[in-house]
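Topology and contacts: notes
What follows is the residue order along each chain.
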2 protein chains.
Amino acid sequence: MKELEEKIVREAQVLPGHVLKVGSFLNQQVDTVFLKKMAQETARLFAGLGVTKVLTVEASGISFATAVAMEMNVPMVFAKKHPSANMSGAQLCSPVYSYTHKTTYNIVVSRDYIKPCDKVLITDDFLANGNALKGLMEIVDQAGATVVGCCAEIEKGFQGGGDELRAKGVKVESLAIVESMTDDGKVTFRS
Amino acid sequence: MKELEEKIVREAQVLPGHVLKVGSFLNQQVDTVFLKKMAQETARLFAGLGVTKVLTVEASGISFATAVAMEMNVPMVFAKKHPSANMSGAQLCSPVYSYTHKTTYNIVVSRDYIKPCDKVLITDDFLANGNALKGLMEIVDQAGATVVGCCAEIEKGFQGGGDELRAKGVKVESLAIVESMTDDGKVTFRS
């Protein structure tokens, strides 16, 4: 999505450790006018595939998943990383290793919210090593439901997670794929 | 909002400790068709007040804040409860005591995302003791910006946080106000 690439070049910051900071418009402050455009593009990419639910993981994935689900007129579900007082009943659970935080955490979704008949579109703000998406796919699998595909707002192509999933036959679409980032802030995209 | 009250009666569960579980449609699985209606009603309640930004706190407040901000065509910002690798620069910070988790945590927003000229609508999924809203108001105050008002999807009226803020002159609107909940699941609303 050319407009997203341009916005990244204009507004993102490259921080040490291959961190692409897009908090000014994408995942802490969210430009909702632009979010709607990204959601429309995502709905177009996955149109006609019978998506019944959009699944993401808290917290920074929630705004994108909400906008996509609104565009597709289906429910949005998010997996929790942090235990909560108002979770009850049977849970679907998968461990996810975070390179950012150097720790493994469990992501959890109530079994009530993903049913075997569901066709699930998995979305997230970032796709890097793909661990979060793999955890979410595992949860859909535990529910006996079907993964229609995965969509990230920004994929870090050089970290390989997206291509690994594509090689397994998963439909992975990312609205922008960063091919390289230099420490002085130059970002190039996959064409 | 009558339709929300009816949905609570039909779909919510009352759990021990005055927990109203609405994860099936409001804050873990989100009924996005209904979310849009709630966002439209919120935009109506705060129309003409010059709102420039919607502020909430992660994680379960994000979907509502996103939908409201989309409806109002302004950015959405969420405060973080959990430290993140991609936060940098000056931060606005306020301690919030959580009765649910019996602990105090800091909520944090980058100073870049709330400016003195901003007129901020604060939203959340629940309003009970009002501690989260007070923390968010403190952050807006630190930024030198103006709080236009607060809106929760569901207020637990019997916990007093909303009325305390109203007594201080804050415009607090809640889409449903629960006046009482019994252990056998009967919920009554403020008329």
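Everything here concerns the structure above.
The structure displayed is predicted, hence computed values, not measured ones.

**A closer look at the overall build of chain A**
Summing up its helical and strand segments, chain A has six helices and eleven strands in all. A compact globule built from 191 residues should have a C-alpha radius of gyration of about 16 Å, and chain A, at 16 Å, falls within 12% of that. Its C-alpha atoms give chain A principal-axis dimensions of roughly 50 × 35 × 35 Å. In chain A, buried positions account for 48% of the 191 residues.

**Overview of the pairing of strand E5 (residues 76-79) of chain A**
Burial of the side chains of E5(A) extends over both faces: A:Met76 and A:Phe78 are buried on one face and A:Val77 and A:Ala79 on the other. For the crossover from strand E4 (residues 53-57) of chain A across helix H4 (residues 62-72) of chain A to E5(A), the handedness is right-handed. Where E5(A) lies against strand E3 (residues 29-30) of chain B, two bridges are found, and the strand directions are antiparallel. Note that in E3(B) the partner of A:Met76 across the bridge is B:Val30.

**Quick word on the sheet that holds E5(A)**
Taking strand neighbours across the sheet as the criterion, the seven strands line up as E11(A)-E10(A)-E9(A)-E8(A)-E4(A)-E5(A)-E3(B) in an open arrangement whose pairing is mixed. The open sheet has two edge strands with one neighbour each: strand E11 (187-189) of chain A together with E3 of chain B. As judged from the three bridges shared by strand E10 (residues 172-181) of chain A and E11(A), these two strands associate in the antiparallel manner. Looking across to E11(A), one finds that A:Met181 is bridged to A:Val187. Docked against the sheet, helix H1 (residues 2-11) of chain A engages E10 and E11 of chain A, running at close to 35° with respect to E10(A). Contacts from helix H5 (residues 131-142) of chain A reach E4, E5, strand E8 (119-127) and strand E9 (146-156) of chain A within the one sheet, and its direction differs from that of E8(A) by about 165°.

**Regarding the packing of H4(A) against helix H3 (residues 32-45) of chain B**
For the pair H4(A) and H3(B), interaxial distance at closest approach is 9 Å and the crossing angle is 105°. Viewed along their axes, H4(A) and H3(B) adopt a mutual orientation that is roughly perpendicular. In this structure, H4(A) contributes A:Thr66, A:Ala69 and A:Met70 to the contact, and H3(B) contributes B:Thr32, B:Leu35 and B:Lys36.

**Some remarks on the interface of chain B and chain A**
Listed per partner, the contact involves 34 residues of chain B and 34 residues of chain A. Of all elements in the fold, only strand E2 (19-21), helix H2 (23-27), E3, H3, helix H4 (62-72) and strand E5 (76-79) of chain B reach the threshold of two or more residues within the side of chain B that touches chain A. At six residues, H4(B) tops the list of elements feeding residues into the side of chain B that touches chain A. Residue composition of the side of chain B that touches chain A, grouped by class: 17 nonpolar, twelve polar and five charged.

**Looking at the relation of the copies chain B and chain A**
With an RMSD of 0.0 Å, the fit of chain B onto chain A corresponds to turning through 180° and sliding 0.0 Å along the axis. The transformation just described matches what one would write down for a two-fold rotation axis. Take the interface residues of chain B: 100% of them recur as interface residues in chain A, which is what a same-surface contact looks like.

About the thresholds
- Residues numbered from 1 in each chain as written.
- Chains lettered and ligands numbered in written order.
- Predicted model: local features only at pLDDT ≥ 70, side-chain atom pairs only at ≥ 80, totals over all residues.
- Helix = DSSP H or I, 4+ residues; strand = E, 2+ residues; numbered from the N terminus.
- Rg over C-alpha atoms; globule rule 2.2 N^0.38 Å.
- Buried ≥ 20, exposed ≤ 12 C-beta atoms within 10 Å, placed from the backbone.
- Right-handed = clockwise from strand over helix to strand, strands pointing away.
- Pairing = 2+ DSSP bridges.
- Contact = placed C-beta atoms within 7 Å.
- Axes fitted to C-alpha atoms, helices over the stretch in contact; angles between N-to-C directions.
- Parallel < 35°, antiparallel > 145°, perpendicular 65-115°, else oblique.
- Nonpolar A, V, L, I, M, F, W, Y, C, P; charged D, E, K, R; others polar.
- Least-squares fit on C-alpha atoms with pLDDT ≥ 70 in both.

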